Amino acid sequence: MRLIAETLLLYLALCAASAGAMQLEGWPRSLVWPPLLLGLGLWLDRMYAVGHEAVHRKLFPDRPVLNDLAGALLLAPMCAPLTVFRKIHKFHHGQNRRAPRVATLDVVVLPPGPPWRRDLARGWGWLTWLLAVFAGGFFLHSLVSVVLFLLLPTALACRISPAFKGWRPRDRARAWLELLAGFGLHALVWRLGGHDLWLATLGLPMLAFAWVWSMLLYIYHYRTTLGGDIRYNVRSLPPGRLLSWVLLNFNEHTTHHADPRIPWYQLPERRVEAPPAYAGNANVDTITAAILQQLRGPMFVERPPESP
């Protein structure tokens, strides 16, 4: 309850500050408003992290309905349906980097054929990777994918992504309600407060969130090991007091993958170290270094020959 109250109250305070800064003119506005928008984007990532706790049913372990309602509320400003988040995230934990084309975001499989085809694939892979990480592309792709998967028949959705195996009609209905609640929140703020209030509290902060979230999304798995024990195809990052608080100790990512049942506040004290075979995954020292490391681009692998 304290976590939810702290998260929501600080979110509302940042929204009020952003709306106030928008009313300023000249250099005071230029000086004050951009940092507030960036702060709101980062705080939306905190709200996403709280939603992640709800996805793992750790907000209210003994009250599943309250857990899911709280999670859906925290995820509504980002238009992220809790039900879809849980389905995809379960696949992530169950298949994380098992193979080059299984639960990986940074691997491009080169096509067979003449060298020019592989060169085109490399160029396209570089372009889409940089846009995905550094231009908010991962968030845009996720939002469009959610809408498409909710519109597609289940059989077709499963053919595109095995994460949707076992997708039930009631899951689809819940996901639609959660997505429409997010859209409804945006529409309500626009209707009651006008375009300027929506822009200051949801519109521009969503752009900041898309940028921040996309850069942070894969830093714990980028260029880590493939195959083997999927629990350890991951890295942790040294804690920084401020970011650990904002991101709910997400930097203890190896521990989280070793046991997703551990709540956020116990991750540091129950730290799990990866076996020696996976020590090479811990090759960056800070979150900033992990973000910049992604400038190396995706990993390119040759497609294995077809079996006779």
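Above this text you will find the structure in question.
Not measured: the values here are computed from a predicted model.

A. Focus on the overall build of the chain. What the chain contains, in helices and strands, is 11 helices and 2 strands. Each helix (α) and strand (β) of the chain, taken in turn from the N terminus, gives the series α-α-α-α-β-α-α-α-α-α-α-α-β. Relative to the compact-globule value of 19 Å for 308 residues, the chain shows a C-alpha radius of gyration of 20 Å, a close match. Seen through its C-alpha atoms, the chain measures out along the principal axes to roughly 65 × 50 × 45 Å. Carbon and sulfur atoms form 67% of the exposed surface of the chain, whose accessible area is close to 16,100 Å². A gap of 6 Å separates the mean positions of the 31 positive and 19 negative side-chain charges of the chain.

B. Inspection of the environment of tryptophan 190 at higher detail. Here tryptophan 190 is to be found in helix α8 (residues 169-216). Along the chain, tryptophan 190 and glycine 203 lie 13 residues apart, while their C-alpha atoms are 9.8 Å from each other. Leave out the neighbours within four places in its chain, and tryptophan 190 touches His195 and Trp198.

C. Quick look at the pairing of strand β1 (residues 107-110). The side-chain alternation of β1 yields two buried faces, one formed by Val107 and Val109 and the other by Val108 and Leu110. Relative to strand β2 (residues 299-302), β1 runs parallel, the two sharing 4 bridges. Along β2, the bridge assignment pairs leucine 110 with glutamate 302.

D. Broad picture of the nonpolar core. Of all hydrophobic cores here, the largest spans 50 residues; its most connected members are Tyr11, Tyr48, Leu59, Met78, Ile219 and Ile287. Elements with a minimum of two residues in this core: α1 (2-22), α2 (26-55), α3 (64-75), α4 (82-95), α5 (115-134), α6 (137-151), α8 and α11 (287-293). No other element matches the 10 residues that α8 contributes to this core. Leaving out residues up to four positions away in the same chain, tyrosine 48 has contacts with Leu75, Met78, Ala80, Phe85, Phe209 and Trp213.

E. Broad picture of the side chain of asparagine 249. Relative to the helices and strands, asparagine 249 is located in the loop between α9 (241-246) and α10 (253-258). On the accessibility criterion, asparagine 249 (11% relative accessible area) is buried. The residues contacting asparagine 249, other than those within four sequence positions of it, are Ser244, Trp264, Tyr265, Leu267 and Pro268.

Each value, and the rule that gives it
Residues numbered from 1 in each chain as written. Predicted model: local features only at pLDDT ≥ 70, side-chain atom pairs only at ≥ 80, totals over all residues. Heavy atoms only, no water. Helix = DSSP H or I, 4+ residues; strand = E, 2+ residues; numbered from the N terminus. Rg over C-alpha atoms; globule rule 2.2 N^0.38 Å. Areas by Shrake-Rupley, 256 points an atom, 1.4 Å probe, with all protein chains shown as cover. Lys, Arg positive; Asp, Glu negative; His and termini not counted. Charge placed at Lys NZ, Arg CZ, Asp CG, Glu CD. Contact = heavy atoms within 4.5 Å. Buried < 20%, exposed > 50% of the residue type's maximum accessible area, 1.4 Å probe, protein only. Pairing = 2+ DSSP bridges. Core = buried A, V, L, I, M, F, W, Y, C linked by side-chain atoms within 4.5 Å.

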